[in-house]
Amino acid sequence: MSDSSLIRMANQIAANLKNRADHREAITAHLKSFWTPKMLTELKELISENSTDFDETIIEVAATL
Amino acid sequence: MSLLKETDFGTPASDSTENVTVIIDGREITVPAGTSVMRAAKMLETTIPKLCATDNLNSFGSCRLCVVEIDGRKGTPASCTTLVEPGMVVRTQTQKVEKIRKNVMELYISDHPLDCLTCPANGDCELQDMAGVVGLREVRYGYEGKNHLASPTDYSNPYFNFDESKCIVCSRCVRACEEVQGTFALTIEGRGFDSKVSPGGKDFLSSECVSCGACVQACPTSTLQEKSVVDLGMPNRTVITTCAYCGVGCSFKAELRGDELVRMVPHKDGGANEGHSCVKGRFAWGYASHPDRVLLPKIRESITEPWREVTWEEAIEFAASKLKSIQSKYGQQSIGGITSSRCTNEEVYAVQKMIRAAFGNNNVDTCARVCHSPTGYGLKQTFGASAGTQDFKSVEKSDVIIIIGANPTDAHPVFASRMKKRLRKGAKLIIVDPRRIDLVRSAHVEASHHLPLLPGTNVAMINALGHVVATENLIDWDFVNSRCDLNAFKKWEAFIKQPENSPEVVETITGVPAEEIRAAARLYASAKNGAIYYGLGVTEHSQGSTMVMGIANLAMATGNIGREGVGVNPLRGQNNVQGACDMGSFPHEFSGYRHVSDDVVREQFENLWGATLQKEPGMRIPNMLDAAIVGDFKAIFIQGEDIAQSDPNTKHVKAALASMALVIVQDLFINETAQFAHVFFPGTSFLEKDGTFTNAERRINRVRPVMASKTGKQEWEVVALLSKALGYEMNYTTSAEIMDEIAQVTPSFTGVSFAHLDKVGSVQWPCNEANPNGTPVMHIEQFVRGKGQFMETHFVPTEERTTRKFPLLLTTGRVLSQYNVGAQTRRTKNSTWASEDLLQIHPSDAELRGVKEGEWVKLASRVGETTLRAQLTSAVPPGVVYTTFHFPVTGANVITTEYSDWATNCPEYKVTAVEVMPSLSGPTEKSILDKSEKALAKNV
Amino acid sequence: MTSIKVFIPQDSASKSVGADQVAIEILKVAAAKNLDIEIIRNGSRGMLWLEPLVEVETKNGRVGFGPVSVSDVQSLIDQDFLNQQTHPLGIGLVDEYPWLKDQQRLTFKRVGVIDPLNIDDYQKFDGLLGLKKALKLTPEEITKLVTESGLRGRGGAGFPAGIKWNTVRVTAADQKYICANADEGDSGTFADRMLMEGDPFTLIEGMTIAAIAVGATQGFIYIRSEYPDAIDKMQTAIKIAREFGWLGESVLSSSYQFDLEVVVGAGSYVCGEETAMLESLEGKRGMVRAKPPLPAVNGLFGKPTVINNVLTLASAPIILNKGAEFYKSYGIGRSLGTQVFQIAGNVKQGGIVELAFGITLEELLNKYALGTHSARPIKAVQIGGPLGAYFPNELFDVQLDYESLLQKGGMLGHGGIVLFDDSVDMGQQARFAMEFCAVESCGKCTPCRIGSTRGVEVIDKILNNENKKENLSLLIDLCETMTDGSLCAMGGLTPLPVRSALKHFADDFGLEKEMANVTT
């Protein structure tokens, strides 16, 4: 995956779920259901490289994956 | 099989529950009240002569052949217009009525050409039949009297002729156009002897006629006759099969003479269409034998080389060895495939099985990704089943219908006709669409409310409708309390009541007056039966999934789920979108929508297939394309899809394709995508396939081979051979065996088999032990997931915004005569009606830019540009432009962006910021890859 | 001192013979003489040979002069016609004029007498009494009263009006309609027109009574486009009725709501057929519908609908006012009340004759028509419009009521009586019947659409002596097919004039009487 696509997708998921009370669980479930292991690994790598590109909730959630 | 002639009962069935017993020619029969004497007689297998009556039209009473005598009644009433009454004693064959019939026939024949032997309808002419039935032996009037024999023939329609000289003015065509199709294009002109059928204006082609074929089918003579019958002669055998165009899934009788297909006639017993058709299914099947068809496999080392025609063995060996070497070099995840919604369930199942078992990964996706993936997601979340809730027939019971982001008269014409029939009976209509689609106001149909929202603001709108329901005490509390998860409901209620969702606030987002929104919500919520139908105008947004859930919320809140006449109904774009999704085409799901991480399910597949399967989701199409550009994804198998034309941001798609080491395309034609392929497996048209399609109402229909495969193989056979060459054998000998396997592993399909379908015609899944006859309406007692789940649907606007540089919003759709990327319809005479993509633009936007009707314009977005002709129309509001993507020369998807639905990555085709400016010339033939595409691609 | 009232009809028949010019001339000449007169434009009394009939109000009653032409005006004034009755055109007291005096005018009571649009005049002559009575009755009582009166449809079919109303009354629906059929297309008929032009409020009152009886809130008057004056009068009358609360949300301050609209036909004879009229009212092509369903159950826009002829509806007020017993004291057998006969064609004294059913044709001819205009002997009389039978002299003793006419192979139709003198060729008349049908047929059913054209051709062959015997039998067969096989009365009745011409005037077809008789 290209970095920009991954960042956009992750942030978009966060934006659409973060208003929900159970947003952490929802985002986690979503990523686990639909993302390939490689995409999840890349996500974590990108966050560790430069977390400023990411929505805060994604950063929180990614840490638990 | 010989030529199938369906029984014609003369008048429609009555749906009364009351029964009436009558005696007809001494025999007693009990029929529903409201049944005509003619129909009751036919139920006793007593055929009363008739010409103007046919059972898909209301009785008319004009031909006067069907007169009978009824004890206690004076005169000779027509049996078509006379309804049964208790104790009625009818005589259908008395001297008196036989004399009238014979004399009436004599009048008919006194004004009819005597060319039966050379007439195209010879052998299929009701007038001819009736002349025989009544025993007409002479015409005492002679033939020199006033007549219509010199009337001209109208050849203007590309598919049928209108020979006025043969018309008996029974009005069946006029009535079919009104009652069945709902277009009202035909009329009777003139009075008395001068009465004649007229399409109004000059001829059929220039009239309002939509060429659905209903009139041709209704015509009892050769007056309206398919050109193919004129050219080829009368067919003599029938194969019942299913149309391969849109998601309506019409049943057709393919009528052949020997092995030659003569015509496609809609099948009366077809559950989806009940005997109706549109211009595509009825007439546009000639592409199957178009010279562009590729019939032999082709391979090449690189896309710059010419193709080499090779044997199947060589092509399969070539493909398999390349796939293996790529996997060994780049890893197991470096290859994948895409299934096609155009192919049968069995073909799709075979491809996903090959990918999971032979490729050894879950990198399988389907073209539903780019159309209805949000439907699957949204309805699964809320209802527990990734499918529409109703059958098409349900619309006959609807009182208020909302259509959101769909244009049924163009894209789902046969369903549109069924809907219009209901609307003409008084159901109310609400349309939510930026464009003034035809249903907003057309012959005898007028929407109560049109909410012309700004593209991209669907969720705000659905929330406002929900807000009105929740704040104006329009909630169906009984339904919510008994059928829905109350915790989820309370959260939703609290959310939806917030002022940000009020029509007054939403007016500022959507541009639709608050009062209109409120009135529409009240109308829907207060309906006895409210139904929602939607299309890609809902799903193809960056909030597509949210919108689907918003629709589900609204339906649940108003109690409009779980019975006839209500429901949430996605109108599927392609013939087998539903089926392709059902068959396990998504990277995260096996057939029947079960997640790959479910150990129990996975083990079942592993045991049956004898293969180790992966438990994590694979890549979606956009992920694959992205990965290809990065260099991680090297090979793809594409079943019957033209992603280089149909997928968004084609520049990106082409670059991705060009980056791969191996592209395998299985298709009918060398399409845009095949320009990037190394292996081309010729595919089969629907006329050659043996399998099943599942339409938008979950109806599993048989697709039967009308002709032998022109390539010598079924598509699943090719897949099985490739799989075998990769080291995994499938061992099917027939497609029926594939369905048997599907039934074995898919809980909602356990009752499905070809044998069962051949027996009952079609079934709607779930079809299993609990529902042996299928399930026309879902969620009746409870939701598939148990309790209905309300979801909070926060409106998150798309990042695609108009700017000073791109101040207009482009939205896309299709026209009636063309279909999708046009691969099929462009290769038929359907291009008579639409031969290019046009840009619809509001006159005021056009004037600002100096754009004139019919002139070339350049359409540009931040990702690309194209040129096409402008069509000035107020059907689009100012600020919005619209086009179709049927023609590769236009390549409208050059313009569309990489934005997609947050949950499913369904592309945001419906919102692109663009600018339009006059252009000096039209589109030019492009090279396969332009400079920017080459720069984007790896390894070129 | 009050001015002298002079009545000059504004009826279109009177206007066609110069009533407007006469009125202008009288005003002009009277002004020159400083005479104080008030001109009132009434309807026509129905004595058409006397039109323009100028009436002057005197203390003894209204005195008439006619037919008055513009050139007569000076001499009328010169001879002081306002006070003297010596002018040669004078007919004396109009009410005492024998032609009028012996008539039994119930429906036409006010026509020609009052100023058609003057509501005071209307009420002075018993207008509104029927409606006021109806408002005191229940809908069921109204339909019962109309049924008991014996009133039958005056359009031609003769169906009992009360029974039709009752069917509409008991059929449950959210909307019901009253339609007045004023598509008066029969040749030689003009009573609907004269009533609408001469006393429009009566039709409004009758329709309102029907509406109350059946629960309808909207009515339509379907008037043929050839009647511009009637259209104008009706529209104005409706406007006035609304202004005075006779129509609208509360009819005469009652709880009943009713409004009316005039719809103009488009020149088709068959639109006078009730179901074709419904199609036309719905904005569609005027094509006949199969019955059942009856319009009373499934009529205009699919709703229960009363469709009655103008004269039927206009009879309702007097029935309500005077009671069923009063009305049915007129007439005989099952033909009760009065019939408005319209005498026309080649006639000396044509016009409106309203009499109780039961008068013979002979009496009507002798007492009212007084022979032909050409002064030649009468050869045939066609009763009931272009689809009615021709009667020869031997049958002039027929009683003019529904049943008697039917018995003699004819029908009353809308009450048109058309005279022909001995110069008429009945072969051509038979041909004309078929031709009329061929032109006016809606084209829906085969017997009418093709049969009528073949009918013309076959009659031509007979008249041209081609295979006479075979063609005669073919014509008889065709007549049978059209009678038994047609969808509506248009095709079904066309054989009536043809058969009667064949039967009674075989000579005109060059046939032996016996030959024609065998086959009829």
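Thresholds, definitions, all that
Residues numbered from 1 in each chain as written. Chains lettered and ligands numbered in written order. Predicted model: local features only at pLDDT ≥ 70, side-chain atom pairs only at ≥ 80, totals over all residues. Heavy atoms only, no water. Contact = heavy atoms within 4.5 Å. Buried area = accessible area lost by both parts, 1.4 Å probe. Salt bridge = Lys/Arg side-chain N within 4 Å of Asp/Glu carboxyl O. Pairing = 2+ DSSP bridges. Helix = DSSP H or I, 4+ residues; strand = E, 2+ residues; numbered from the N terminus. Buried < 20%, exposed > 50% of the residue type's maximum accessible area, 1.4 Å probe, protein only. Phe/Tyr/Trp six-rings, centres within 6.5 Å; stacked < 30°, edge-to-face > 60°. Lys NZ or Arg CZ within 6 Å of the ring centre and 35° of its normal. Polar contact = N/O pair within 3.5 Å; in protein donor to acceptor, adjacent residues only side chain to side chain. Nonpolar A, V, L, I, M, F, W, Y, C, P; charged D, E, K, R; others polar. Axes fitted to C-alpha atoms, helices over the stretch in contact; angles between N-to-C directions. Parallel < 35°, antiparallel > 145°, perpendicular 65-115°, else oblique. Left-handed = near helix turned anticlockwise from the far one by under 90°.

Student: What's the story with the interface of chain B and chain A in this structure? I'm lost.
Tutor: Bring the parts together and some accessible area is lost; that lost area is often taken as the interface size. Residue-level contacts link 27 residues of chain B with 22 residues of chain A. Surface buried jointly by chain B and chain A totals about 2,100 Å² across both partners, of which 56% is contributed by carbon and sulfur atoms. For the interface between chain B and chain A, the tally reads 1 salt bridge. Between B:Asp632 and A:Lys38 there is a salt bridge, with its nearest N and O atoms 2.7 Å apart.

Student: Can you walk me through the pairing of strand 3 (residues 54–58) of chain C in this structure?
Tutor: Note on strand geometry: in a regular strand, side chains alternate between the two faces of the sheet. Residues and elements named next belong to chain C. Pairing of strand 1 (residues 4–7) with strand 3 involves 2 bridges; the strand directions are antiparallel. Across the sheet, the residue bridging to Phe7 is Glu55, located in strand 3. Between strand 3 and strand 4 (residues 61–65), which pair antiparallel one after the other, the connecting turn spans 2 residues.

Student: What is the right way to look at the pairing of strand 17 (residues 400–404) of chain B in this model?
Tutor: Residues and elements named next belong to chain B. Counted residue by residue, strand 17 has 5 buried out of 5 residues, so it is predominantly covered. Residues Val400, Ile402 and Ile404 of strand 17 are buried on one face, and the alternating residues Ile401 and Ile403, pointing to the opposite face, are buried as well. Pairing of strand 17 with strand 18 (residues 428–432) involves 5 bridges; the strand directions are parallel. Its bridge partner lying in strand 18, Ile401 is registered against Leu429.

Student: I keep staring at the packing of aromatic side chains and nothing clicks. Help me out?
Tutor: Ring pairs (aromatic) are described by centroid distance and by the angle formed between their planes. Residues and elements named next belong to chain B. Summed over the entire model, instances satisfying the criterion amount to 39 aromatic pairs over all chains. Note on Tyr245 and Tyr819: the rings are 5.1 Å apart at their centroids and 75° apart in plane angle, and the pair reads as edge-to-face. Placement of Tyr245 in the loop between strand 10 (237–242) and strand 11 (251–257) and of Tyr819 in the loop between strand 32 (808–813) and strand 33 (838–841) is noted, with a sequence separation of 574 residues between them. When sorted by exposure, Tyr245 lands in the same class as Tyr819, which is buried. Feature note: the residues Tyr159, Phe160, Phe162, Phe204, Phe283 and Trp833 constitute an aromatic cluster, connected by ring pairs. The side chain of Lys634 reaches across the aromatic face of Tyr330, ending 5.1 Å from its centre.

Student: Please clarify how the interface of chain C and chain B should be interpreted in this entry.
Tutor: Taken together, the contacts link 33 residues of chain C with 32 residues of chain B. Between chain C and chain B, roughly 2,800 Å² of surface is buried when both sides are summed, and carbon and sulfur atoms account for 52% of that area. With a closest N to O distance of 3.3 Å, B:Lys99 and C:Glu480 form a salt bridge. Here chain C is connected to chain B by 22 residue pairs in polar contact (both at pLDDT 80 or more). Elements that contribute at least two residues to the side of chain C that touches chain B include exactly helix 17 (426–440), helix 18 (446–449), helix 19 (451–463) and helix 20 (468–485) of chain C. Top element by residues in the side of chain C that touches chain B is helix 20 of chain C. It accounts for 7 residues. Considered class by class, the residues forming the side of chain C that touches chain B number 13 nonpolar, 10 polar and 10 charged.

Student: Would you take a moment to explain unusual backbone geometry for this structure?
Tutor: Here the residue pair C:Gly66 and C:Pro67 is connected by a cis peptide bond, since its omega of -10° sits within 30 degrees of zero. Turning to its location among the elements, C:Pro67 is positioned in the loop between strand 4 and helix 3 (70–78). For the peptide bond that leads from C:Lys291 to C:Pro292, omega is -5°, which places it in the cis range. When you line up the elements, C:Pro292 lands in the loop between helix 12 (274–281) and strand 9 (305–309). Residues other than glycine seldom take positive phi values, yet B:Phe184 does so here, at roughly 60°.

Student: Can you help me understand the packing of helix 19 of chain C against helix 20 of chain C in this one?
Tutor: If you want to describe how two helices pack, look at the angle between their axes and the distance between the axes. All names here are of chain C. Relative to each other, helix 19 and helix 20 sit at 155°, their axes nearing to 9 Å. Taken together, the axes of helix 19 and helix 20 are roughly antiparallel relative to one another. Between helix 19 and helix 20 the crossing geometry is left-handed. Seen from helix 19, the contacting residues are Gly451, Ser452, Arg454, Gly455, Val458, Ile459, Lys461 and Ile462; seen from helix 20, they are Lys468, Asn471, Leu472, Leu474, Leu475, Leu478 and Met482. Per-class residue counts for the contact of helix 19 with helix 20 are 8 nonpolar, 4 polar and 3 charged.

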